[in-house]
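Coordinate analysis (summary)
Each chain, written out:
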Amino acid sequence: MKSEVAVIVKYKGSGFGSAPELKKEYLDNLKSNLKENYITNSQDTGGPQSGGVVDTIIEIFINQYFQELTGIIKEGLIFDLIFNGKKSIVLKPLVKAFQKIESKTDCWDYILVRFYFDDTVIVINGSGKLFTSVVGNVFPELIKHIGNLSKTESGIPSRICMPIQKTDWSEDGSDKWISPAGDGQEYSSEECLIFWGLEFGSRYDRKIYDVKNQEILDIEWN
């Protein structure tokens, strides 16, 4: 029986390059595995080939309010069913499906992973083995900070992006905070647990969350 979790895989079909048989071996098997457990959809973005890499965007839709997880997690239900890595009942087949394809080929890569709740979108940027090496470590930490994330007049963020990085890229050399979306770099779970970008319904209402010090900074990010 399928869960109420929906998964969308957007991929660059041209990344299979001169070996179209890999599309059947990897992509078709992945789609088949996902359909056994989830409401699924897969789409070729039509993007140009870049180094023989199948850049993918993974979107997971969960019928749950993000801010409610703090109450449910006390009972262990949502944490165990959705976020407990390899032990997860709901997401375990998803994790295994991507682990399988990552172990077989280097041509499979990521741009980002998005988790959609009824009120909040979680965006994790990166590439490489993003889903299996980062997501499972980030979510347990993220849940611990839900209470802190809602300590503004605007309430819970509508979007949480990670990692957020501080640079000196401003025209005058001052600090500029950026979300390195789509830059093709790999980010470890440690890098994703330093600063998060918070957006409250508008790109003009953004703040930074300092994970280590557990405080919201009144700083804008791009």
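Here the structure is shown first, and the text comes after it.
Rules used throughout
- One numbering rule holds for all chains: residues counted from 1, following each sequence as written.
- Side-chain atom pairs in this predicted model are given and counted only at pLDDT of 80 or more, local residue features only at pLDDT of at least 70, and totals for whole chains, interfaces and linings cover all residues.
- Each side-chain value is worked out from all heavy atoms of the structure, with water and hydrogens disregarded.
- Put simply, DSSP marks the helices as runs of H or I at least four residues long and the strands as runs of E at least two long, and each gets a number from the N terminus on.
- Among buried residues, those of type Ala, Val, Leu, Ile, Met, Phe, Trp, Tyr and Cys that are joined through side-chain atoms within 4.5 Å constitute a nonpolar core.
- Burial classes: relative accessible area under 20% of the type maximum marks a residue as buried, over 50% as exposed, and values in between as partly exposed (1.4 Å probe, protein chains only).
- The contact rule is simple, with two residues in contact once any of their heavy atoms fall within 4.5 Å.
- For helices, the fitted axis covers only the stretch in contact; all axes are lines through C-alpha atoms, and the angles between them, taken along N-to-C directions, range from 0 to 180 degrees.
- Angle categories are assigned with fixed cut-offs, so that under 35 degrees is roughly parallel, over 145 is roughly antiparallel, 65 to 115 is roughly perpendicular, and the rest are oblique.
- Under this grouping Gly is polar, as are all residues other than the nonpolar Ala, Val, Leu, Ile, Met, Phe, Trp, Tyr, Cys and Pro and the charged Asp, Glu, Lys and Arg.

1. Structural notes on unusual backbone geometry
With an omega dihedral of -5°, the bond running from M162 to P163 counts as a cis peptide bond. Mapping P163 onto the fold places it in the loop between strand 6 (159-162) and strand 7 (165-167). Backbone geometry at Q214 places phi at a positive 55°, although glycine is not the residue there. Take Q214: it is sitting in the loop between strand 10 (206-210) and strand 11 (215-217).

2. Examining the nonpolar core
If you look at soluble globular proteins, the nonpolar side chains tend to sit buried side by side. Of all hydrophobic cores here, the largest spans 49 residues; its most connected members are F98, F115, I122 and F131. For this core, the element with the highest residue contribution is helix 5 (residues 130-144), accounting for eight residues. If we skip the residues at most four places from it in the chain, F115 touches I60, I62, L91, T120, V121, I122, F131, V135 and F139. I57, L112, C161 and F195 belong to the second largest nonpolar core, which has eleven residues in total.

3. Points about the side chain of H145
With respect to the helices, strands and loops of the structure, H145 is situated in the loop between helix 5 and helix 6 (146-149). Overall, H145 belongs to the buried group, its relative accessible area being 6%. With residues up to four places along the chain from it excluded, the contact list for H145 reads W196, Y209, V211 and Q214.

4. Considerations on the packing of helix 1 (residues 21-35) against helix 4 (residues 92-104)
Packing of helix 1 against helix 4 leaves a shortest axis separation of 9 Å and a crossing angle of 170°. By the angle between their axes, helix 1 is roughly antiparallel relative to helix 4. Between helix 1, through Y26, L27, L30, N33 and L34, and helix 4, the contact on the second element is made entirely by L94, A97, F98, K100, I101 and K104. Classifying every residue of the contact of helix 1 with helix 4 gives eight nonpolar, one polar and two charged.

Without other data, these values stay purely geometric and don't point to any function.
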